[in-house]
Amino acid sequence: MAMVAFYQLVDKSHALDETRSLVLGEGHVLPPDGYAFMEFYCDDPRCDCRRVIFQVWRRSTGSKVWATITYGWEPAAYYATWSKSPSLAYTDEMSGAQLDPICPQSELSVGILGMAKELLLSDPSYVDRLKRHYREACPRRGRVARESTSWKARQRMRRRRKG
């Protein structure tokens, strides 16, 4: 599974128009600057990880990565089923936002993660945009039935069948 920049998977102008960036002035924990959240998605059509990786770039430093954040929008129970892992620690890391433990981070990473959680990932319309980008990044991913029924709805249907 390769994580590929959204702008390499779809029309570049569309991807750049859709890239979220925040401009901070004086008086924040982070230095004043523009912060771009560059999205990376898995390009494997057999994978249904429902995750995005952000590389956060500052306007003043170009493509230097200041933070790498992983974000999974499904609950931990989804990732336990998807990964077939009994490890709660692993599935908790898959759900929500955290700094990517594999990638190098900067002295600003913790502050950038806090900003992402507070200003971006708390916005349901932005999370919906990420889900749309996920589908656009690999249009063959999943099947119509899987896409038309949410994971939570499928879980409820399974419980009803059992009980």
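S.K.: Could you clarify how one ought to interpret the nonpolar core in this entry?
M.R.: One recurring pattern in soluble globular proteins: nonpolar side chains tend to sit buried together. Membership of the largest hydrophobic core comes to 33 residues, with the highest contact counts inside it found for Tyr-35, Phe-37, Phe-54, Ile-69, Tyr-71, Ile-112 and Leu-130. Apart from residues no more than four positions distant in its own chain, Ile-69 is found in contact with Phe-37, Val-52, Ile-53, Phe-54, Val-56, Ala-97, Gln-98, Leu-99, Asp-100, Ile-112, Leu-113 and Ala-116.

S.K.: In this structure, what is going on with empty space enclosed by the protein? I would like to understand it.
M.R.: The method is simple in principle: a probe with the dimensions of a water molecule rolls over the atoms, and the space it marks as empty is what remains. Using the criterion set out here, one finds one cavity of 30 Å³ or more in the structure. In this structure, the largest cavity occupies an estimated 40 Å³ of space. Lining the largest cavity, in full, are Phe-6, Tyr-7, Ala-15, Thr-19, Met-38 and Glu-39. Mapped by element, the contributors of at least two residues to the lining of the largest cavity are helix 1 (6-9) and strand 3 (33-42). Looking at the lining of the largest cavity residue by residue, the classes come out as four nonpolar, one polar and one charged.

S.K.: Just checking my understanding: could you explain the environment of Leu-113 for this structure?
M.R.: The residue Leu-113 is located in helix 5 (residues 109-120) in this model. The class for Leu-113 is buried, based on a relative accessible area of 12%. The spatial distance from the C-alpha of Leu-113 to the C-alpha of Leu-99 is 6.9 Å, given a sequence separation of 14 residues. Excluding residues that lie within four positions of it along the chain, Leu-113 makes contacts with Ile-69, Ala-97, Gln-98 and Leu-99.

What counts and what doesn't
- Residues numbered from 1 in each chain as written.
- Predicted model: local features only at pLDDT ≥ 70, side-chain atom pairs only at ≥ 80, totals over all residues.
- Heavy atoms only, no water.
- Core = buried A, V, L, I, M, F, W, Y, C linked by side-chain atoms within 4.5 Å.
- Buried < 20%, exposed > 50% of the residue type's maximum accessible area, 1.4 Å probe, protein only.
- Contact = heavy atoms within 4.5 Å.
- 1 Å grid on protein atoms, 1.4 Å probe; cavity = no way out; pocket = protein on both sides within 12 Å on 5 of 7 lines; lining within 4 Å.
- Points joined across faces, edges and corners; volume = space filled by probe spheres on them.
- Helix = DSSP H or I, 4+ residues; strand = E, 2+ residues; numbered from the N terminus.
- Nonpolar A, V, L, I, M, F, W, Y, C, P; charged D, E, K, R; others polar.

Interpretation note: all reported values are geometric properties and have no functional meaning in isolation.
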